[in-house]
Amino acid sequence: MDKIRIVGGAPLKGHVRIKGAKNAVLPLMACALLTDEEVVLRDVPNLTDIRTMTDVLVHLGADVSFEGNVLRIKAANIHCCEAPYELVSRMRASFWVLGPLLGRFGHAKISLPGGCAIGTRPVDRHLYAMEQLGADVQIQNGYVVAKSDGPLKGNKVIFQLQTMGGTMNTIMAAVLAKGRTEIINASAEPEVTDLARCLIEMGAKIQGAGTRRLVIDGVDSLHGTNHTVIPDRIEAATYAVAAGITGGEIYMENAFLHLMEDVVFTLTYMGLDVIEKNNGLIVKATGCELRATDIATEEYPGFPTDVQAQVMALMCLAKGTSSVTENIFENRFMHVQELVRMGADIRLQGSRTAIIHGVPKLSGAQVMASDLRASAALVLAGLAAEGETIVNRVYHLDRGYDQLEQKMRVLGADIERIKGLPEE
Ligand code: UD1
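Residues numbered from 1 in each chain as written. Predicted model: local features only at pLDDT ≥ 70, side-chain atom pairs only at ≥ 80, totals over all residues. Heavy atoms only, no water.

S.K.: Help me understand helix α6 (residues 164–174), please; the structure alone is not making it clear to me.
M.R.: Quick reminder: α-helices carry 3.6 residues per turn. Residues three or four places apart thus point the same way. Among the 11 residues that make up α6, 10 are buried, leaving the element largely enclosed by the rest of the structure. Of the residues that open α6, the one with a side-chain oxygen 2.8 Å from the backbone nitrogen of G166 is T163. (Buried < 20%, exposed > 50% of the residue type's maximum accessible area, 1.4 Å probe, protein only. Helix = DSSP H or I, 4+ residues; strand = E, 2+ residues; numbered from the N terminus. Polar contact = N/O pair within 3.5 Å; in protein donor to acceptor, adjacent residues only side chain to side chain.)

S.K.: Help me understand the site of the ligand in this model?
M.R.: Taken together, 17 residues are adjacent to the ligand, and R121, D124, T163, D306 and I328 come closest. A distance of 2.6 Å is found between an oxygen atom of the ligand and a side-chain nitrogen or oxygen belonging to D306. The contact in question runs from an oxygen atom of the ligand to an N or O atom on the side chain of R332, over 3.4 Å. When the free accessible area of the ligand is taken as 720 Å², the share hidden by the protein chains comes to 87%. Elements with a minimum of two residues in the shell around the ligand: α5 (124–132) and α6. The greatest single-element share of the shell around the ligand, amounting to three residues, is contributed by α5. Residues of the shell around the ligand, tallied by class, amount to five nonpolar, five polar and seven charged. (Near = heavy atom within 4 Å. Areas by Shrake-Rupley, 256 points an atom, 1.4 Å probe, with all protein chains shown as cover. Nonpolar A, V, L, I, M, F, W, Y, C, P; charged D, E, K, R; others polar.)

S.K.: Would you take a moment to explain empty space enclosed by the protein for this structure?
M.R.: Over the atoms rolls a probe the size of a water molecule, and in doing so it shows where empty space is left. Enumeration according to the criterion identifies one cavity of 30 Å³ or more in this entry. Of the voids in this model, the largest cavity is the one considered here, and its volume is about 30 Å³. Lining the largest cavity we find T305, Q308, A309, R332, H335, D371, R373 and A374. Secondary-structure elements contributing two or more residues to the lining of the largest cavity are α10 (308–315) and α12 (372–384). Split into classes, the residues belonging to the lining of the largest cavity amount to two nonpolar, three polar and three charged. (1 Å grid on protein atoms, 1.4 Å probe; cavity = no way out; pocket = protein on both sides within 12 Å on 5 of 7 lines; lining within 4 Å. Points joined across faces, edges and corners; volume = space filled by probe spheres on them.)

S.K.: Teacher, can you tell me more about the sheet that holds strand β4 (residues 63–67) here?
M.R.: Sheet strands pair via backbone hydrogen bonds, and the direction of the pair is either parallel or antiparallel. The strand order across the open sheet formed by four strands is β4-β5-β3-β14, and the pairing between neighbours is mixed. Looking at which strands have only one partner, the edges of the open sheet turn out to be β4 and β14 (225–228). For this sheet, the mean inter-axis angle between neighbouring strands, taken without regard to orientation, is 15°. As paired elements, β4 and strand β5 (residues 70–74) share five bridges and run antiparallel to each other. Across the sheet, residue F66 finds its bridge partner in β5, namely L71. (Pairing = 2+ DSSP bridges. Axes fitted to C-alpha atoms, helices over the stretch in contact; angles between N-to-C directions.)

S.K.: Would you mind showing me how to read the state of the cysteines here?
M.R.: Covalent bonding between the sulfur atoms of two cysteines defines a disulfide. This structure, assessed with the given rule, holds zero disulfides. Here C31 is not disulfide-linked; the sulfur of C198 is the nearest cysteine sulfur, at 4.2 Å. By relative accessible area, which is 0% here, C31 ends up buried. (Disulfide = S-S within 2.5 Å.)

S.K.: It is not clear to me how the sheet that holds strand β18 (residues 294–296) should be interpreted in this structure. Could you clarify?
M.R.: Read across the sheet, four strands follow the order β18-β19-β21-β20 without closing on themselves; strand pairing throughout is mixed. Two strands lie at the open edges of the sheet, namely β18 and β20 (345–349), each paired on one side alone. Pairs of neighbouring strands in the sheet enclose a mean axial angle of 15°, with direction left out of account. The pairing of β20 with strand β21 (residues 353–357) spans five bridges and is antiparallel. Counterpart to R347 in the pairing with β21 is I355.

Here is the structure:
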């Protein structure tokens, strides 16, 4: 397995371009199953998660090609509606083909995703929504087997608790259903809005995207489209922290304040300057001490769960005591013990809150990545630490960051990938 070696201390300075959002591309790929015409997605990052979703679509019979950040999908010859364990266990987002397959073909057999490093992550709300739309849903031998007699039927889907994946699956199931579907307490994440935007371009009738109430009037068929994916607010937040933690200045082209206001407010409060400029954001350290703060993850537009680990790395070096409360997932503090190995002073209070006492410096160490965003936090800590940091299990990073070490090297980081053997 590959490792990343970092020698900390260099301030990151320069220009980086933020790519399309992974969490938008994955559902957009699934939504291409809703038409037999070609769906073209632009500004797609080169990530293992995208390749896994490609494997899922190809397994179902779609033609998929990826060249120069342009992904082309044609689902004219779907010959199978089953997503096997081998693919869904590699990546949970594979489960998002349930809605489109059921909506277009009236049946789907999808492996249950199972647990994950950050929590149990059940799919009960997805299944409830499919049942509300008239599907018969059974669990058989680790698979969700869903069928409907004829097209799905529009109905009210009320999410007692919000679910981003569940909202996306429901939208994709409802666009070809007969009649009107109303999703109450829908997720309003920008990636959900982007999915709705793409589906509207394909001929779907969706109102309320970006709000908590979506109204979808089913149509008979959808057509192809050419869609540019929204920028990755999580990638942008990661580079913003990189500027802050190294005392540098980074111009992030294709990063936008309206997609990440809560993160920008937090970083500004902590003492960074964030300036909107020319289709992007400049983030720079002011030279003053970082100030401690408190964050709690919430659904959009609250503080994103996908950025808490990275900001925790920054808090490790802030003056005073910070706290992070994780409200979305029950087990998302696996990076804490690794940061402690680098000299951070962090204590867990129960399983949902971390208390971070700022320290003057971190020191390089061997650390182990446990999930995608935790890995990013360890790289960020390594960029600021004295001496050498080795981040193991880099395959997590490759799921969500396109050319991370190349981009950071251009910004001045002393960072390299050490190639390992697959069985290491
Ligand atoms: C979540 C995040 C998303 C992030 C992604 C990967 C939110 C609102 N969503 O999306 O920003 O990119 O993780 O880190 O922050 N749940 C159930 N039953 C269900 C569905 C979900 O109990 O059927 C629970 C989950 O276990 C979790 C919470 O609800 O605790 C939110 O889940 P959901 O929004 O669906 O997660 P993702 O779509 O994976």
